[in-house]
Amino acid sequence: GGGLFWTSMLALEVLPGSGFGTATAAIPLSGYLTLWGFFGLIPLQAGIQVSKACRNYYGLGALFLFLLAAAPFAPTMLQYLAYGVGLLTGFFGLWAGIQYLASNPATELSLDRKRAKT
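Bear in mind that the values here come from a model prediction, so they are computed numbers and not experimental data.

**Some words on the overall build of the protein chain**
Okay, so step 1: A count of helices and strands for the protein chain gives four helices and zero strands.
Okay, so step 2: Reading the helices (α) and strands (β) of the protein chain from amino to carboxyl end gives α-α-α-α.
Okay, so step 3: In the protein chain, which comprises 118 residues, the share counted as buried stands at 23%.
Okay, so step 4: Nonlocal contacts in the protein chain, meaning residues at least 24 apart in sequence, comprise 57% of its contacts between residues at least 6 apart.

Next up, the structure:
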């Protein structure tokens, strides 16, 4: 889901700059971001059951998309708020990854020279 979003968002931004198609207007782009914001609420329901970091990550991710959708029609302060929420989303995503790695140490990946078949 998230990889498809970023791939399509990149195509919407890069292809018109390269001469393929026209740039997306503000209203259709806001609708696109709103739709992905609603899609972001679906993993939020699962993230609530996993951990607090996952809940924060998915909740802030959906909020980030909704704020980005409203940004072209709102004051500049809302755009800065959206950017701040985006940074918090990245922080909580990183925090969730660190928590997962800390609770599931990868002992199978550690190098044991005595058992190595070289």
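**Some remarks on the environment of Leu68**
Okay, so step 1: One can find Leu68 in helix H3 (residues 52-70).
Okay, so step 2: Taking the C-alpha atoms as reference, Leu68 lies 8.7 Å from Leu78; in sequence the two are 10 residues apart.
Okay, so step 3: When near neighbours in sequence (up to four residues on either side) are disregarded, Leu68 contacts Leu33, Ala82 and Tyr83.

**Some remarks on the nonpolar core**
Okay, so step 1: If you look at the biggest cluster of nonpolar residues, it comprises eight residues: Phe5, Met9, Leu29, Tyr32, Leu33, Trp36, Leu65 and Ala69.
Okay, so step 2: For this core, the secondary structure elements donating two or more residues are helix H1 (2-17), helix H2 (26-50) and H3.
Okay, so step 3: Top contributing element to this core by residue count: H2, with four residues.
Okay, so step 4: Discounting residues that sit within four places of it in the chain, Leu33 has contacts with Phe5, Met9, Leu65, Leu68 and Ala69.
Okay, so step 5: Leu60, Phe64, Ala82 and Val85 belong to the second-largest nonpolar core, a separate cluster that totals six residues.

Calculation rules
Residues numbered from 1 in each chain as written. Predicted model: local features only at pLDDT ≥ 70, side-chain atom pairs only at ≥ 80, totals over all residues. Heavy atoms only, no water. Helix = DSSP H or I, 4+ residues; strand = E, 2+ residues; numbered from the N terminus. Buried < 20%, exposed > 50% of the residue type's maximum accessible area, 1.4 Å probe, protein only. Contact = heavy atoms within 4.5 Å. Core = buried A, V, L, I, M, F, W, Y, C linked by side-chain atoms within 4.5 Å.

Spatial relationships are all this shows, so hold off on functional conclusions.
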